[in-house]
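Reading the structure
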Amino acid sequence: MVCIHCGSKTKTTNSRRVARHNQTWRRRQCLVCQAIFTTREALDYDSAIRVKSADKALESLSRDRLFIDIFRSLSHRKTALSDASALTDTILSALIADSTNGVITTQEIVHKSTETLQRFDTVSATVYTAHHAD
Ligand SMILES: [Zn+2]
């Protein structure tokens, strides 16, 4: 990782594993301008999971698309943004655990999202279900 200000090499001055989100957090310092910034290493869900749609085609999972769906379902909450981010990670972790070799179906995404939202906020689960009824 190079410095975001001057492009020079950096060193890690502190690091921590965030077990809950399976992430590694690193404090970095530029060897030239001394600037300090933080990086987070996290799983790239889009490459880890592939989605089998109704017509059997496989496509990469889009974390952004799932996040937007979850965010819209939580729009009545003041903390919708942070809630949606955390819930999206919870749903994706569960989907990976339940997947067969990293392949899941669109129905599994809808089912797991509904189940997770139901436990968190029943209104959001109702909104989500209304947009995903088929
Ligand atoms: Zn620098």
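Regarding the coordination of the zinc ion
Distances from the zinc ion to its protein donors, namely Cys3 (SG), Cys6 (SG), Cys30 (SG) and Cys33 (SG), fall within the range 2.3 to 2.4 Å. Within one chain, the residues serving as donors to the zinc ion are arranged as C-x2-C-x23-C-x2-C. Of the two residues, Cys3 sits in the segment before strand S1 (10-18) while Cys30 sits in strand S2 (residues 23-30), which places them 27 residues apart along the sequence. Just as Cys3 is buried, Cys30 falls in that class too.

Digging into the pairing of S1
Two faces, one strand: in a regular strand the side chains alternate between the faces of the sheet. With eight bridges connecting them, S1 and S2 associate as antiparallel partners. Looking at the pairing, Thr12 lines up with Arg28 of S2. A loop of four residues connects S1 with S2, the two strands running antiparallel in sequence, and Asn22 in this loop sits at a positive phi of about 50°.

Quick word on the environment of Val2
Structurally, Val2 is set in the segment before S1. The class of Val2 is partly exposed, set by a relative accessible area of 47%. Each C-alpha atom, one on Val2 and one on Leu31, is 9.6 Å from the other, the two residues being 29 residues apart in sequence.

Some details on the side chain of Ser124
Relative to the elements of secondary structure, Ser124 occurs in helix H5 (residues 122-131). Polar side-chain contacts of Ser124 include one of 2.6 Å to the backbone oxygen of Asp121. For Ser124, the residues in contact, after removing those within four places along its chain, are Ser73, Leu74, His76 and Leu117.

Details of the domain arrangement of the chain
Entries for the chain in the domain assignment read domain 1 (10-41) and domain 2 (45-131). Each of domain 1 and domain 2 has a C-alpha centre, and these two points are 29 Å apart.

Here's the deal with the pairing of strand S3 (residues 36-41)
Note: S2 against S3, six bridges, orientation antiparallel. Within S3, the position partnered with Gln29 by the bridge is Ile36. Taking the residues that link successive antiparallel strands as the turn, the S2-S3 hairpin has five residues, and the phi of Gln34 there is positive, at about 70°.

Let's talk about helix H2 (residues 63-73)
The complete set of buried residues in H2 reads Arg63, Leu66, Phe67, Ile70 and Ser73. The arc that holds every buried residue of H2, seen down its axis, measures 125°, which confines them to one face. Among the exposed residues of H2, those oriented more than 90 degrees off its buried face are Asp64, Arg65 and Arg72. Among the structural elements, helix H1 (45-48), helix H3 (80-98), helix H4 (106-120) and H5 are those in contact with the buried residues of H2.

Notes on unusual backbone geometry
Phi at Gln34 takes a positive value of approximately 70°, unusual for a residue other than glycine. Secondary-structure assignment places Gln34 in the loop between S2 and S3. Positive phi outside glycine occurs at Lys56, with the angle close to 70°. Within the secondary structure, Lys56 sits in the loop between strand S4 (50-52) and strand S5 (58-60).

Quick word on the environment of Leu61
Here Leu61 is to be found in the loop between S5 and H2. In this structure Leu61 comes out as buried when scored by relative accessible area, which is 4%. C-alpha separation for the pair Leu61 and Val103, spaced 42 residues apart in sequence, amounts to 9.4 Å. Setting aside its immediate chain neighbours within four residues, Leu61 contacts Tyr45, Asp46, Ile49, Arg50, Val51, Leu92, Ile104 and Ile109.

Reading the values: the criteria
Residues numbered from 1 in each chain as written. Predicted model: local features only at pLDDT ≥ 70, side-chain atom pairs only at ≥ 80, totals over all residues. Heavy atoms only, no water. Donors = N, O, S within 2.8 Å, 3.2 Å for Na, K, Ca; no water. Helix = DSSP H or I, 4+ residues; strand = E, 2+ residues; numbered from the N terminus. Buried < 20%, exposed > 50% of the residue type's maximum accessible area, 1.4 Å probe, protein only. Pairing = 2+ DSSP bridges. Polar contact = N/O pair within 3.5 Å; in protein donor to acceptor, adjacent residues only side chain to side chain. Contact = heavy atoms within 4.5 Å. Domains from an automatic or database assignment. Arc of directions from axis to C-beta.

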